[in-house]
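These are the residues of each chain, in order.
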Amino acid sequence: MDSFSDISPARLPALLQAMPKAELHIHIEGSLEPELIFALAQRNGVKLPYDSVEDLRAAYAFTNLQSFLDIYYAGASVLIEEQDFYDMARAYFVKAAADNVVHAELFFDPQTHTARGVAMQTVINGLHRACVDAQADFGISAALILCFLRHLSEEEAFDTLAQALPYRDKFIGVGLDSGEVGNPPEKFARVFARCRELGLHLVAHAGEEGPPAYIWTALDVLQVERIDHGVQAMHDPALMQRLARDHIALTVCPLSNLKLCVFPDLAQHNLRALLDAGLAVTINSDDPAYFGGYMNDNFTQTFAALGLEARHAYALARNSFEASFIDEAAKRRYITRLDDCFEGFGR
Ligand code: HPA
Ligand code: ZN
């Protein structure tokens, strides 16, 4: 690609919108908008501790990860039937299609649901059907990644894996999320080893609030293929070299980091520094209904705050395809579409 310099800064917002991209870090339960939470609560007869949509939205003032997780798990309590899971994911795909997301790998938190008596089958079948329809209706390729909640035990993670294995063909990998500090990756060493034997892809949240040491053990103990967030890597030069050398992608979520006070403002986010250090950075939305924006909101606000340019847009979108878990031929096809988009803008 050599047409970056032809693209004027004025056309950058249109380029960010139009370029095809993959989303690799979205918790599907974090796409539940307050309106849908209330609609599902009514449909299922669930009583919410909030009087109105406005009341609920007003509670979205977070000080750290845990302050968000408390509200996020409460919001997920309205999901009961398979159709609820379908409707939630469907609403996400409508937003993703509008942002020209052409491939998405969705995290889901089964333990949040099975702990309330919802069957694993209900969760996975609803989400999977939405993924199948996303391809048919929007041309979005989509896949599911099952996340273990790290504040729970490894034994509970093993139990969750056993419940999910009858549906092994409906998810492509496993991840690790929830409260990071005090729950290091190595707590889940054995269950990740088992998942690796099963041929599942492996990712983990590390270095969102937790120290660089958690990123090291996610890589060396869990042997993950990508790091979710990873922004704390900046404090460890040897780790930065390792991530660059091994082309380990970071699924960075700028608006999430802003809302959870990982950075005081977007202008102080280290995404540009991570890119400049040669890391395979991607931009993602994390929990868009809670953090004030979907993919293109993340792109446009981050570009404005950090003064990023067309060449950064190309690198970020290209990284998103390279770091995805689709086959090589599909990666090439998406990157060709990306090149065509940039050439169109350069003319
Ligand atoms: N971090 C950890 N766990 C999560 C997140 C996050 O950003 N979103 C949903 N679960
Ligand atoms: Zn996340």
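Cut-offs used in this document
Residues numbered from 1 in each chain as written. Chains lettered and ligands numbered in written order. Predicted model: local features only at pLDDT ≥ 70, side-chain atom pairs only at ≥ 80, totals over all residues. Heavy atoms only, no water. Helix = DSSP H or I, 4+ residues; strand = E, 2+ residues; numbered from the N terminus. Rg over C-alpha atoms; globule rule 2.2 N^0.38 Å. Areas by Shrake-Rupley, 256 points an atom, 1.4 Å probe, with all protein chains shown as cover. Lys, Arg positive; Asp, Glu negative; His and termini not counted. Charge placed at Lys NZ, Arg CZ, Asp CG, Glu CD. Donors = N, O, S within 2.8 Å, 3.2 Å for Na, K, Ca; no water. Tetrahedral: all angles 85-135°; square planar, octahedral: opposite > 155°, others 65-115°. Axes fitted to C-alpha atoms, helices over the stretch in contact; angles between N-to-C directions. Parallel < 35°, antiparallel > 145°, perpendicular 65-115°, else oblique. Left-handed = near helix turned anticlockwise from the far one by under 90°. Contact = heavy atoms within 4.5 Å. Nonpolar A, V, L, I, M, F, W, Y, C, P; charged D, E, K, R; others polar. Core = buried A, V, L, I, M, F, W, Y, C linked by side-chain atoms within 4.5 Å. Buried < 20%, exposed > 50% of the residue type's maximum accessible area, 1.4 Å probe, protein only. Near = heavy atom within 4 Å. Polar contact = N/O pair within 3.5 Å; in protein donor to acceptor, adjacent residues only side chain to side chain. Pairing = 2+ DSSP bridges.

All right, on to the overall build of the protein chain then. Looking only at helices and strands, the protein chain has 17 helices and 8 strands in total. For the protein chain, the C-alpha radius of gyration of 19 Å lies close to 20 Å, the compact-globule estimate for 347 residues. For the protein chain, the C-alpha atoms occupy an extent of roughly 55 × 40 × 40 Å along the three principal directions. For the protein chain, the exposed surface amounts to about 13,100 Å²; the carbon and sulfur share of it is 52%. In the protein chain, the 28 positive side-chain charges and the 47 negative ones have mean positions that sit 4 Å from each other.

With that settled, consider the coordination of the zinc ion (ligand 2). Around the zinc ion (ligand 2), the protein contributes the donor atoms His-25 (NE2), His-27 (NE2), His-205 (NE2) and Asp-286 (OD), which lie 2.0 to 2.2 Å from the metal centre. Considering all 4 donor atoms around the zinc ion (ligand 2), the spread of angles at the metal, 81 to 173 degrees, places the coordination shape in the irregular class. Between consecutive donors of the zinc ion (ligand 2), the numbers of intervening residues give the motif H-x1-H-x177-H-x80-D. Of this pair, His-27 sits in strand E1 (residues 21-27) while Asp-286 sits in the loop between strand E8 (280-283) and helix H14 (288-291), placing them 259 residues apart in sequence.

Between helix H2 (residues 34-44) and helix H5 (residues 82-98), the least distance of the axes is 12 Å, while the angle of their chain directions is 165 degrees. Here H2 is positioned roughly antiparallel relative to H5, judged by the angle of their axes. As for how H2 packs across H5, the hand of that crossing is right-handed. On H5, the residues that touch Leu-36, Leu-40, Arg-43 and Asn-44 of H2 are Gln-83, Asp-84, Asp-87, Met-88 and Ala-91. Of the residues belonging to the contact of H2 with H5, the class tally is 4 nonpolar, 2 polar and 3 charged.

Here we come to the nonpolar core. Nonpolar side chains in soluble globular proteins tend to be buried together. Formed by 118 residues in total, the largest nonpolar core has its most connected members in Tyr-92, Phe-93, Phe-148, Phe-192, Ile-227, Leu-243 and Tyr-290. Each residue touching Leu-243, except ones within four places of it in the same chain, is listed here: Ile-215, Leu-219, Ile-227, Ala-233, Ile-248, Leu-250 and Leu-279.

As a further point, take the site of ligand 1. Near ligand 1 the following residues occur: His-27, Leu-65, Phe-68, Leu-69, Tyr-72, Asp-177, Ser-178, His-205, Glu-208, His-229, Asp-286 and Asp-287. The separation between a nitrogen atom of ligand 1 and a polar side-chain atom of Glu-208 is 2.8 Å. The separation between a nitrogen atom of ligand 1 and a polar side-chain atom of Asp-287 is 2.7 Å. Considering ligand 1 on its own, with 260 Å² of exposed area, one finds that the protein chains cover 100% of that surface. Looking at the shell around ligand 1, the element that brings in the most residues is helix H4 (residues 65-75), giving 4 residues.

To continue, consider the pairing of strand E2 (residues 101-108). When you tally the buried positions in E2, you get 8 out of 8 residues, the bulk of the element. Across 5 bridges, E1 lies against E2 in parallel orientation. Looking at E2, one finds that Ile-26 is bridged to Leu-106. Sheet analysis places E2 next to strand E3 (residues 141-149), joined by 6 bridges and oriented parallel. Of the residues in E3, the one forming a bridge with Phe-108 is Leu-146.

Below, the discussion takes up the side chain of Thr-160. Assignment of secondary structure puts Thr-160 in helix H8 (residues 154-164). Its relative accessible area of 3% is what places Thr-160 among the buried residues. Apart from residues no more than four positions distant in its own chain, Thr-160 is found in contact with Pro-110, Gln-111, Met-120, Leu-146 and Phe-148.

Interpretation in functional terms is not warranted from these geometric data alone.
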